[in-house]
Amino acid sequence: MAEPAENRLNEALAAWNFGGQIVGAVRYGKGHINDTFCVYVQTEDGGCARYILQRMSAAAFKHPDQLMANIVGVTDYLRSEIAAAGGDAARETMTVLRTRTGATWFTDSQQGAWRVYPFIEGTVCLQAAETPALFAASAKAFGKFQRMLKDYPAHTLYETIEKFHDTENRYANLMKAVQADVMGRAKGVEAEIAFAQTRQADCSVCLQALREGRIPLRVTHNDTKLNNVLIDKATGEGLCVIDLDTVMPGLACNDFGDSIRFGANHSAEDERDLAKVNFDIGLFEVYTKGFLEGAAGTLTREEKAYLPWGAKLMTLECGMRFLTDYLEGDHYFAVHRDGQNLDRCRTQFKLVSDMEAQWDAMQAIVEKY
Ligand code: ADP
Ligand code: GN1
Ligand code: MG
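My aim in this report is to walk through the structure given alongside it, one point at a time.

## Topic: the overall build of the chain
Along its length, the chain carries 13 helices and 10 strands. Computed over C-alpha atoms, the radius of gyration of the chain comes to 20 Å, within 12% of the 21 Å expected from 2.2 N^0.38 for 369 residues, which places it in the range of a compact globule. In terms of principal-axis extent, the alpha carbons of the chain reach across some 60 × 50 × 40 Å. Evaluated residue by residue, the chain yields a buried proportion of 53% over its 369 residues.

## Details of the site of ligand 2
Neighbouring ligand 2 are 18 residues, the closest being His32, Lys225, Glu269, Arg321 and Tyr332. A distance of 2.5 Å separates an oxygen atom of ligand 2 from a polar atom in the side chain of Tyr332. If ligand 2 stood free it would expose 440 Å²; the protein chains cover 97% of that surface. Secondary structure elements with two or more residues in the shell around ligand 2: helix H8 (252-263) and helix H11 (307-328). Per element, the largest residue contribution to the shell around ligand 2 is three residues, and it comes from H11.

## Here's the deal with the nonpolar core
Of all hydrophobic cores here, the largest spans 99 residues; its most connected members are Ile260, Phe284 and Leu323. The element that contributes the greatest number of residues to this core is H11, accounting for 11 residues. For this core, the two domains that each supply at least three residues are domain 1 (5-119) and domain 2 (132-368). Of all hydrophobic cores here, the second largest spans 16 residues; its members include Ala5, Ala49, Trp114 and Val116.

## Observations concerning the environment of Ala128
Positionally, Ala128 belongs in the loop between strand E6 (123-124) and helix H4 (132-148). The class of Ala128 is partly exposed, set by a relative accessible area of 40%. Distance from Ala128 to Asn265, taken between C-alpha atoms, is 8.3 Å for residues 137 residues apart in sequence.

## A closer look at the packing of helix H6 (residues 190-197) against helix H12 (residues 340-357)
Put simply, H6 and H12 touch, their axes get as near as 11 Å, and they point 40° apart. Classified by the angle their axes make, H6 and H12 are oblique. Handedness of the crossing formed by H6 with H12: left-handed. Within the contact between the two elements, H6 uses Glu192, Phe195 and Ala196 and H12 uses Leu342, Cys345, Arg346, Phe349, Val352 and Ser353. Residue composition of the contact of H6 with H12, by class: six nonpolar, one polar and two charged.

## Some words on the coordination of the magnesium ion (ligand 3)
Asn228 (OD1) and Asp243 (OD) make up the full set of protein donors to the magnesium ion (ligand 3), lying at 2.2 Å. You can see Asn228 sitting in the loop between strand E7 (218-220) and strand E8 (229-232) and its partner Asp243 sitting in the loop between strand E9 (238-241) and strand E10 (248-250), a full 15 residues away along the chain. Using a relative accessible area of 5% as the deciding quantity, one classes Asn228 as buried.

## Some remarks on the layout of surface pockets
In this approach a probe as big as a water molecule rolls over the atoms, and the regions it shows empty are the leftover space. Counted as a void, the second largest pocket has a volume near 530 Å³. Along its surface, the second largest pocket is lined by 22 residues, and Ala59, Ile161, Arg170, Asn173 and Tyr332 are the ones closest to its centre. For the lining of the second largest pocket, the secondary-structure elements that each account for two or more residues are helix H5 (167-180) and H11. By residue number, the principal contributor to the lining of the second largest pocket is H11, which donates five residues. Looking at the lining of the second largest pocket, its residues break down into six nonpolar, seven polar and nine charged.

The rules behind these values
Residues numbered from 1 in each chain as written. Chains lettered and ligands numbered in written order. Predicted model: local features only at pLDDT ≥ 70, side-chain atom pairs only at ≥ 80, totals over all residues. Heavy atoms only, no water. Helix = DSSP H or I, 4+ residues; strand = E, 2+ residues; numbered from the N terminus. Rg over C-alpha atoms; globule rule 2.2 N^0.38 Å. Buried < 20%, exposed > 50% of the residue type's maximum accessible area, 1.4 Å probe, protein only. Near = heavy atom within 4 Å. Polar contact = N/O pair within 3.5 Å; in protein donor to acceptor, adjacent residues only side chain to side chain. Areas by Shrake-Rupley, 256 points an atom, 1.4 Å probe, with all protein chains shown as cover. Core = buried A, V, L, I, M, F, W, Y, C linked by side-chain atoms within 4.5 Å. Domains from an automatic or database assignment. Axes fitted to C-alpha atoms, helices over the stretch in contact; angles between N-to-C directions. Parallel < 35°, antiparallel > 145°, perpendicular 65-115°, else oblique. Left-handed = near helix turned anticlockwise from the far one by under 90°. Contact = heavy atoms within 4.5 Å. Nonpolar A, V, L, I, M, F, W, Y, C, P; charged D, E, K, R; others polar. Donors = N, O, S within 2.8 Å, 3.2 Å for Na, K, Ca; no water. 1 Å grid on protein atoms, 1.4 Å probe; cavity = no way out; pocket = protein on both sides within 12 Å on 5 of 7 lines; lining within 4 Å. Points joined across faces, edges and corners; volume = space filled by probe spheres on them.

Right under this line is the structure:
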C-alpha cells in the first residue's frame, strides 16, 4: 500500500516554481485513481493562481515516465491542432508544468511520482448530467477529442495500463479473484459473480469484431466519465478533456460506452438504493447525437453499429472491475467506506440489465444518427 500522499506533499510542492507564494494545497476532485490536490498560490502581483498537483497512482501506473511521455505527446499535438483551428490552447487542453529542473514529473523520496497542471479556470466539473444540454456538451467534447486525434501516430503511445479494456481479460481476472478469495468475501457476492458468469460470451463481442478487422483500433481516451471533461462556465460547452492517463490505442465504441455507463442515469456510481438506478434511454439519445456530431464523420458505419455494445460492455466491465477490487481488498479504486466497491459493482450490473431490456431501442437510436 502506498503511504498517504500528504506525507510527501511538501517535498512535491518544493519541486516546482509556482510563480509566487504557496498559500496551501488541499485535496481536490472526485477521481478514483490519483491523489489530487489543488495548490493555491499568491502571485507576485498579489493575484491568485491555482494548480492541480497529482501523485500518480502507483497501483494503476507502473511506468510514470511512459505515462508522462504519452501526455506530453498528446497535449503538444492537441495544442497545435487547437491553435490551427483558432482556439485557445491554454484552456482547451492541459499543459504540463515543468519542475525546477525542467522535468515533466517529480519522484519523491519514497518513489511517489508527481506532476502539475495549471488549473483551467472558469470551468465546472460535473459528477452527474444536471441537464441534457450539459450531457450533450460532454458528448461533443469527447467526440471531438476522437476526431482531433484521428491522425495521431498511435505507435508512439505506450500502453500505460496493459489490457485496459480487454473485457475478456477483466472477466478472467474476476474469476481468479473469486478463486483466490483472499478477503473471504466471495460467499456474500454469489449473485454478482453469477451475473458476470452468464455474460461471459458477451465479453468477446467487441474484441472479436476488432480481431476480425470489422472495427479499427484508434487513439482513444478510454476513461470518458463526465467528470473527465471540464465544461466552460460561460458557454456551457465542453471545453477541455482531462485525465489523459489512459489515452492509448482503443475502440471508439468504448469511449462512447464509458460515458453512457456513467452519465445516462440519475444516480451516483455508488448509490445503495438500486431502485434509484435506472438507465435513461433519453440521455442515451442525447449523448449519441452529440458524440457523433463531435466526431464529425470519423466513425465507420460498422463502428456506429457497435456503439450499443460499447455501452453495455463498458458497464459490465466496470462492474466486474469493482467486484474484483472488492474481492481483492480495495487496492485499486479509492474507497471512502466499507463495501463501496461492491455498491459500485451493483449499480453497474443494474444498468447492464436495464440496457438489455432496452436493447432494441438503443439500436434504433444509433441507426437514426
Ligand atoms: P483521476 O484519475 O483520479 O480521476 P483526474 O486527472 O481526473 O484524476 O483529476 C481529478 C479531478 O481534478 C478532476 O475530476 C477535476 O475535477 C480536477 N482536475 C484535474 N485536472 C484539472 C485541471 N487542469 N483544471 C481544473 N480541474 C482539474
Ligand atoms: C477510474 O480515474 P477516474 O476516476 O477518472 C478508472 C476508470 C473507471 C472509473 C470508474 C485509470 O476513472 O477506468 O471506469 O474509475 N480509471 C483508471 O468510475 O482505472
Ligand atoms: Mg478522472
